[in-house]
Amino acid sequence: MTTQPKLPASASASASTSASATPSSQAPTELVLGLEDRPGPLVGMLAALQHLLAIIVPIVTPGLLICQALGVSARDTNLIVSMSLVISGIATFVQCRRFGPLGAGLLIVQGTSFNFVGPLIAGGSLMVKQGTPVEAVMAAIFGVVVAGSFVEMGVSRILPFVKRMITPLVTGIVVLMIGLTLIKVGLISMGGGFGAMANGSFANGENLLLSGLVLAIIVILNRTRVVWLRSSAIVIALAVGYALAGWLGRLDFTGMREAPAFQVPVPLHFGLDFSWSLFIPMIVIYLVTSLEAIGDVTATSKISREPVEGPVWMKRIKGGVLLNGANSLLAGVFNTFPSSIFAQNNGVIQLTGIASRHIGVWIALFLVVLGLFPSVAGVIQAVPEPVLGGAAMVMFGAVAAAGINILASVQLDRRALLIIAVSLALGLGVSQVPEFLVHMPAAVRNVLESGVATGGICAVLLNWFLPDSTEPAAH
């Protein structure tokens, strides 16, 4: 079941935890609209807009951060962000409606996942430094996204075995590692990004003012008692930061000016390539994302007054995880990044009392329309990186907090503490001192330079081979 840190709803896209965590969310006393109830158009649109406010920022932020870090052109960035909205809309529609084995048949929102941001930036940046053209790097990334999607689709067919191998202990370590490694990315964005590092303006007063203001507004609004202010904290903070950036002359609308009036989805815009150094870390993350999906589907089932055990529930989680992978395949083909089930829509269901899966049709429609008109992505793309960084730090911190939350549900005996200690030490160590791997074969070095891969592989192996004994230790 999904457990979320107490952060704004928008921050929790990546903060969902595994299915094995104990459910803590409580269903509303009475649902206004149940799973199969059909709302009128006005009610449907209003409920969908509340979901949209909670998800729009987390959907577009991963693509913006990856493109900015790798130096992708404004026009191509606009395409990637637009497609992230379109693909998220398609996935949300299928999750809610369910077609054959695809989808959970619940009010579920799916969007671009933060879990993959750190490894893709790290691996992609290394390829750029080695002289690989940015377009070729993106082709390799999308090839890996397509290949990795089959891992998750395969997981949906063998869930019992995977749940034995990827336990809550392993999931907690990997999610914590993802959050900790992402914090560096967020801090670089707060200072102005890699471009600011190159031109000497990194962490200057203006950049810190923009990022600090956004971060402060999110914290302040999250402590108010007004529910809609809390749930919209990140959107409001970004709007204020956007306005201040405009006043300072920091908005760049190049992407909007270069974008077509209407964006026809173009498959394989960059082509497809492959890189083992990118793929190995992605395998671990796809496995963890699969288990997070189980938790999110279970949480939505509970809130929607649907079964959380038995054949109906198992059918829902298999369909949800299968679509998670299938949509990542579609994302790679249409030039955007892997997606996952979002957790924060559960908060919106609790807030509104509306669990009707037919709301998903309106959410999907909004997302697809926003994505097909690139001027919308161009306006979002104009957000200066320090503004985005202020919000990203909260979201990335939420990922790390979610990892801690998972580990808190595990019995932390001596064995568990040993696995946590060794996995975190090695994972964080090689990400901070990659020179440690300098004498290893290039293929091994390229994989282990990802802290998430090193820590995750270590956690899986130690959890698999160290005996799980509850016998008292000898003195």
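Our subject is the structure listed above.
Residues numbered from 1 in each chain as written. Predicted model: local features only at pLDDT ≥ 70, side-chain atom pairs only at ≥ 80, totals over all residues. Heavy atoms only, no water.

Caption draft 1: Structural view of the overall build of the protein chain. Across its full length, the protein chain carries 20 helices and two strands. In terms of overall dimensions, the protein chain is globule-like: its C-alpha atoms have a radius of gyration of 21 Å, near the 23 Å expected for 475 residues. Dimensions of the protein chain, computed from C-alpha atoms along their principal axes, come out at roughly 70 × 60 × 45 Å. Within the protein chain, counting contacts between residues at least 6 apart in sequence, those at least 24 apart form 84% of the total. Accessible surface for the protein chain amounts to roughly 18,600 Å². Of this, 67% is attributable to carbon and sulfur atoms. Computed over 24 positive and 20 negative side-chain charges, the separation of the two mean positions in the protein chain equals 7 Å. (Helix = DSSP H or I, 4+ residues; strand = E, 2+ residues; numbered from the N terminus. Rg over C-alpha atoms; globule rule 2.2 N^0.38 Å. Contact = heavy atoms within 4.5 Å. Areas by Shrake-Rupley, 256 points an atom, 1.4 Å probe, with all protein chains shown as cover. Lys, Arg positive; Asp, Glu negative; His and termini not counted. Charge placed at Lys NZ, Arg CZ, Asp CG, Glu CD.)

Caption draft 2: Inspection of the packing of helix H1 (residues 41-70) against helix H10 (residues 233-247) at higher detail. Contact pair H1 / H10: the axes reach a minimum separation of 8 Å and the direction vectors enclose 60°. In this view, H1 runs oblique relative to H10, as classed from their interaxial angle. In this structure, H1 meets H10 at a crossing whose hand is left-handed. Seen from H1, the contacting residues are Leu53, Ile56 and Val57; seen from H10, they are Ile234, Val235 and Leu238. Among the residues forming the contact of H1 with H10, the class breakdown is six nonpolar, no polar and no charged. (Axes fitted to C-alpha atoms, helices over the stretch in contact; angles between N-to-C directions. Parallel < 35°, antiparallel > 145°, perpendicular 65-115°, else oblique. Left-handed = near helix turned anticlockwise from the far one by under 90°. Nonpolar A, V, L, I, M, F, W, Y, C, P; charged D, E, K, R; others polar.)

Caption draft 3: Region of the structure containing the environment of Tyr286. Tracing the sequence through the fold places Tyr286 in helix H12 (residues 276-303). Sequence-wise, Tyr286 and Met153 are 133 residues apart; in three dimensions their C-alpha atoms are separated by 9.6 Å. A polar atom in the side chain of Tyr286 sits 3.0 Å from the backbone oxygen of Val145. (Polar contact = N/O pair within 3.5 Å; in protein donor to acceptor, adjacent residues only side chain to side chain.)

Caption draft 4: Seen up close, the side chain of Asn207. Mapped onto the secondary structure, Asn207 falls in helix H8 (residues 205-222). Looking at Asn207, the relative accessible area reads 2%, which means it is buried. Asn207 has contacts with Met190, Gly191, Gly192, Ala196, Ser201, Phe202, Arg250 and Pro386, leaving out every residue within four places of it along the chain. (Buried < 20%, exposed > 50% of the residue type's maximum accessible area, 1.4 Å probe, protein only.)

Caption draft 5: Focus on the packing of aromatic side chains. According to the stated counting rule, one finds seven aromatic pairs in the structure shown. Taking the centre distance of 5.5 Å and the plane angle of 35° together, the rings of Phe142 and Phe337 count as tilted. On the criterion of sequence distance, the pair formed by Phe142 in helix H4 (residues 134-155) and Phe337 in the loop between helix H13 (311-333) and strand S2 (339-341) is long-range, its members being 195 residues apart. The exposure class assigned to Phe337 is buried, which follows from its relative accessible area of 2%. Taken together, Phe142, Phe270 and Phe337 form an aromatic cluster joined through their ring pairs. (Phe/Tyr/Trp six-rings, centres within 6.5 Å; stacked < 30°, edge-to-face > 60°.)

Caption draft 6: How the structure looks around the nonpolar core. Formed by 123 residues in total, the largest nonpolar core has its most connected members in Ile55, Met138 and Ile141. When residues of this core are assigned to their parent elements, the largest contribution, 15 residues, is made by H1. Contact partners of Ile141, with chain neighbours within four places excluded, come to Leu70, Leu120, Leu278 and Phe337. (Core = buried A, V, L, I, M, F, W, Y, C linked by side-chain atoms within 4.5 Å.)

Caption draft 7: A look at unusual backbone geometry. Phi angles above zero are rare outside glycine, and Arg305 is one such case at about 65°. Position of Arg305 among the secondary structure elements: in the loop between H12 and H13. Judged by its relative accessible area of 48%, Arg305 is partly exposed. With phi around 65°, Asn335 is a residue other than glycine that occupies positive phi space. Take Asn335: it is sitting in the loop between H13 and S2.

Caption draft 8: Region of the structure containing the side chain of Arg415. For Arg415, the position within the fold is in helix H18 (residues 414-432). A polar side-chain atom of Arg415 sits 2.9 Å from the main-chain carbonyl oxygen of Asn463. Among the polar contacts made by the side chain of Arg415, one reaches the main-chain carbonyl oxygen of Leu466 at a distance of 3.2 Å. Not counting chain neighbours up to four residues away, the residues in contact with Arg415 comprise Leu169, Leu462, Asn463, Leu466, Pro467 and Asp468.

Caption draft 9: Local environment of the pattern of salt bridges. Scanning all chains against the criterion turns up three salt bridges. Across the salt bridge formed by Arg250 and Glu206, the nearest N and O atoms sit 2.7 Å from each other. Here the residue Arg250 occupies a position in the loop between H10 and helix H11 (254-258), and Glu206 occupies one in helix H8, the gap between them amounting to 44 residues. In this structure, Glu306 engages Arg316 in a salt bridge whose closest nitrogen and oxygen atoms are separated by 3.0 Å. (Salt bridge = Lys/Arg side-chain N within 4 Å of Asp/Glu carboxyl O.)

Caption draft 10: Layout of the packing of H1 against helix H17 (residues 385-408). For the pair H1 and H17, interaxial distance at closest approach is 11 Å and the crossing angle is 120°. By the criterion of interaxial angle, the relationship of H1 to H17 is oblique. Of the two possible hands of crossing, H1 and H17 adopt the one that is left-handed. Contact with H1, carried on its side by Val57, Thr61, Leu64, Leu65 and Gln68, involves Glu385, Leu388, Ala392, Met395 and Phe396 of H17 and no other residues of that element. Residues of the contact of H1 with H17, tallied by class, amount to seven nonpolar, two polar and one charged.

Caption draft 11: Expanded view of H13. Between its terminal C-alpha atoms H13 stretches 33 Å, which fits the 33 Å expected from 23 residues at 1.5 Å a residue. Asn335 sits one or two positions beyond H13 and adopts a positive phi of about 65°. (Expected span 1.5 Å × (residues − 1).)

Caption draft 12: Representation of the environment of Val447. By the element assignment, Val447 lies in helix H19 (residues 442-448). Those residues within four positions of Val447 in sequence are excluded, and the remaining contacts are Trp276, Ser277, Ile280, Pro281 and Ala453.

Caption draft 13: View of H18. Over its 19 residues, H18 extends 27 Å from the first C-alpha to the last, a length consistent with the 27 Å expected when each residue adds 1.5 Å. For H18, the full list of buried residues reads Arg415, Ala416, Ile419, Ile420, Ser423, Leu424, Gly427 and Val430. Seen end-on, H18 carries its buried residues on one side only, within an arc spanning 155°. What points out from H18, more than 90 degrees from its buried face, is the exposed set Arg414, Ala425 and Gln432. (Arc of directions from axis to C-beta.)

Caption draft 14: Looking closely at the environment of Leu388. Relative to the elements of secondary structure, Leu388 occurs in helix H17. Residue classification places Leu388 among the buried residues on the basis of a relative accessible area of 4%. Not counting the four nearest positions on each side in its chain, Leu388 is found in contact with Thr61, Leu64, Leu65, Gln68, Leu238 and Val383.

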